[in-house]
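What follows is the residue order along each chain.
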Amino acid sequence: GENVEQHPSTLSVQEGDSAVIKCTYSDSASNYFPWYKQELGKGPQLIIDIRSNVGEKKDQRIAVTLNKTAKHFSLHITETQPEDSAVYFCAARPGPNSGYSTLTFGKGTMLLVSP
Amino acid sequence: EAGVVQSPRYKIIEKKQPVAFWCNPISGHNTLYWYLQNLGQGPELLIRYENEEAVDDSQLPKDRFSAERLKGVDSTLKIQPAELGDSAVYLCASSLAGAGGGEQFFGPGTRLTVL
């Protein structure tokens, strides 16, 4: 099955700095890679996703890049704000040719943005 | 539009006792997921329903866990008897399409503590 590794486990930055979280996956059949943000006491919330036919996707201060050859994808947050502080999870899912499966999540990165 | 609703939000029980969690997905979402989230880990799938059919329950410990979604809407996850190691957050999610598509929306989770 799919195995997703996520680094770092914790990340502390100053407000205004950029933050980068990296994930690797093992199943070359995976073709969908979402990123979730989980605040304390809440369920994960999708913040951005990318499919394997795209190398990069951006939404305001958030961007995701995908390298299919190396099987890794990254989340980039620019101009970080204190409200960005949360746990971020990457995930991967195989595509239809693999019979579809559900998401496999990384272990999460706790991001702390200090004012 | 109401999100995924879960109850209770918190539950404390003694080991060997039974416990049940309830989930009401977003209206119109035919796919429902139950996830287990241990402290410091990403969500792990327990079971996935397409309408009232459990299409992926390979990770559900069937000796003590059971789930149902009788009318293809709300769902109940039960543990009987509970063990100390079952202490975790139980997340419910739903999506419009099957596992192969559609954003998954998560509920706030039920935090279970087994004493």
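Above this text you will find the structure in question.
Along every chain, residues carry numbers that run from 1 in the direction the sequence is written. Chain letters start at A and ligand numbers start at 1, both assigned in the order the entries are written. Residue-level local features of this predicted model are given only where pLDDT is at least 70; pairs of side-chain atoms are given and counted only at 80 or more, and the full residue set underlies all totals for whole chains, interfaces and linings. Side-chain descriptors were evaluated using all non-hydrogen atoms of the structure, hydrogens and water having been removed beforehand.

Q: What exactly am I supposed to notice about the packing of aromatic side chains here?
A: Think of a pair of aromatic rings as described by two things: how far the centres are apart, and how the planes are tilted against each other in angle. Two aromatic rings from Phe, Tyr or Trp, using only the six-membered ring of Trp, form a pair when their centres are within 6.5 Å; if the ring planes differ by under 30 degrees the pair is stacked, by over 60 it is edge-to-face, and anything between is tilted. According to the stated counting rule, one finds 13 aromatic pairs over all chains in the structure shown. A centroid spacing of 6.2 Å and a plane angle of 75 degrees characterise the contact between F105 of chain A and F106 of chain B, whose relative ring orientation is edge-to-face. Of the two residues, F105 of chain A is situated in strand β10 (residues 104–105) and F106 of chain B in strand β10 (residues 105–106); the pairing between them involves two chains. The interplanar angle of 25 degrees and the centroid separation of 6.0 Å between the aromatic rings of Y33 of chain B and Y35 of chain B together place this pair among those described as stacked. For Y35 of chain B, a relative accessible area of 0% translates into the label buried. Helix and strand assignments come from DSSP, with helices taken as H or I runs of at least 4 residues and strands as E runs of at least 2, each series counted from the N terminus. Per-residue accessibility, obtained with a 1.4 Å probe over protein chains only, is compared with the maximum for each type, and a residue is labelled buried under 20%, exposed over 50%, and partly exposed between these values.

Q: Is there a simple way to think about the sheet that holds strand β6 (residues 56–59) of chain A in this case?
A: Hydrogen bonding along the main chain pairs the strands of a sheet, whether they run parallel or antiparallel. All names here are of chain A. DSSP-based pairing: two strands are paired if at least 2 bridges between them are found. Strand order in this open sheet of five strands is β1-β3-β8-β7-β6, and the pairing throughout is antiparallel. The strands lining the two open edges of the sheet, one partner per strand, are β1 (4–7) and β6. Going from strand to strand, the sheet's axes swing by 15 degrees on average, the running direction of each strand aside. Helix axes are fitted only over the stretch in contact, all axes being lines through C-alpha atoms; the angle between N-to-C directions runs from 0 to 180 degrees.

Q: Explain the layout of surface pockets to me, please; I cannot follow it from the model alone.
A: Counted as a void, the largest pocket has a volume near 720 Å³. Along the walls of the largest pocket sit 34 residues, with Q38, L40 and V87 of chain A together with L39 and G40 of chain B positioned nearest its centre. Of all the secondary-structure elements, those providing two or more residues to the lining of the largest pocket are β9 (86–94) and β11 (109–114) of chain A together with β9 (88–95) and β11 (110–114) of chain B. Looking at the lining of the largest pocket, its residues break down into 14 nonpolar, 15 polar and five charged. Estimates place the volume of the second largest pocket at around 520 Å³. A 1.4 Å probe that fits into a set of points on a 1 Å grid over the protein atoms alone but cannot get out defines a cavity; an open set with protein on both sides within 12 Å along at least five of seven lines defines a pocket, and lining residues are those with an atom within 4 Å of a point. Together, 22 residues line the second largest pocket, and L103 and T104 of chain A together with E44, L45 and Q59 of chain B are the ones closest to its centre. Those elements that provide at least two residues to the lining of the second largest pocket are β10 of chain A together with β5 (44–50) of chain B. Among the elements that line the lining of the second largest pocket, the one with the most residues is β5 of chain B, at three residues. Charged residues are taken to be Asp, Glu, Lys and Arg, nonpolar residues to be Ala, Val, Leu, Ile, Met, Phe, Trp, Tyr, Cys and Pro, and polar residues to be all remaining types, Gly included. Taken together, the residues of the lining of the second largest pocket sort by class into eight nonpolar, ten polar and four charged. Grid points are joined across faces, edges and corners, and a volume is the space filled by probe spheres set on the points.

Q: How should the pattern of salt bridges be read in this particular structure?
A: Here the idea is simple: oppositely charged side chains can pair when their charged atoms come close. Any carboxyl oxygen of Asp or Glu within 4 Å of a side-chain nitrogen of Lys or Arg constitutes a salt bridge here. One pass over the structure, following the stated rule, counts eight salt bridges over all chains. Across the pair D49 of chain A and K57 of chain A runs a salt bridge, and its minimum N-O distance is 2.9 Å. Exposure remark for K57 of chain A: the relative accessible area of 36% places this residue in the partly exposed category. The closest approach of N and O atoms between R48 of chain B and E50 of chain B, which form a salt bridge, is 2.7 Å.

Q: Explain the nonpolar core to me, please; I cannot follow it from the model alone.
A: Nonpolar side chains in soluble globular proteins generally cluster together in the buried interior. Counting residues in hydrophobic clusters, the biggest one holds 23 residues, and the most contacted among them are W35, F73, L75 and L111 of chain A. Breaking this core down by element, the ones donating at least two residues are β2 (10–14), β3 (19–25), β4 (30–38), β5 (45–51), β7 (62–67), β8 (72–77), β9 and β11 of chain A. Put simply, a nonpolar core is a bunch of buried Ala, Val, Leu, Ile, Met, Phe, Trp, Tyr and Cys residues held in one set by side-chain atoms that sit within 4.5 Å of each other.

Q: Looking at this structure, how should I read the state of the cysteines?
A: Disulfides are covalent bonds that link the sulfur atoms of two cysteine residues. Residue and element names in this part refer to chain B. By disulfide we mean two sulfur atoms from cysteines, separated by a distance within 2.5 Å. Scanning all chains against the criterion turns up two disulfides over all chains. Here C23 is linked by a disulfide to C92, with a sulfur-sulfur distance of 1.9 Å. Between C23 and C92, the disulfide has an S-S torsion of -70 degrees and is therefore left-handed. A residue pair is termed long-range when its members are at least 10 positions apart, and C23 in strand β3 (residues 19–24) and C92 in strand β9 qualify at 69 residues.

Q: Honestly, the pairing of β6 of chain A in this entry has me stumped. Any pointers?
A: Both faces of the sheet carry side chains from a regular strand, because those side chains alternate between them. All names here are of chain A. Bridge count between β6 and β7: four bridges; the pairing is antiparallel. Looking across to β7, one finds that K57 is bridged to V64. In sequence, β6 turns back onto β7 through a hairpin of two residues, with Q60 there showing a positive phi of about 55 degrees.

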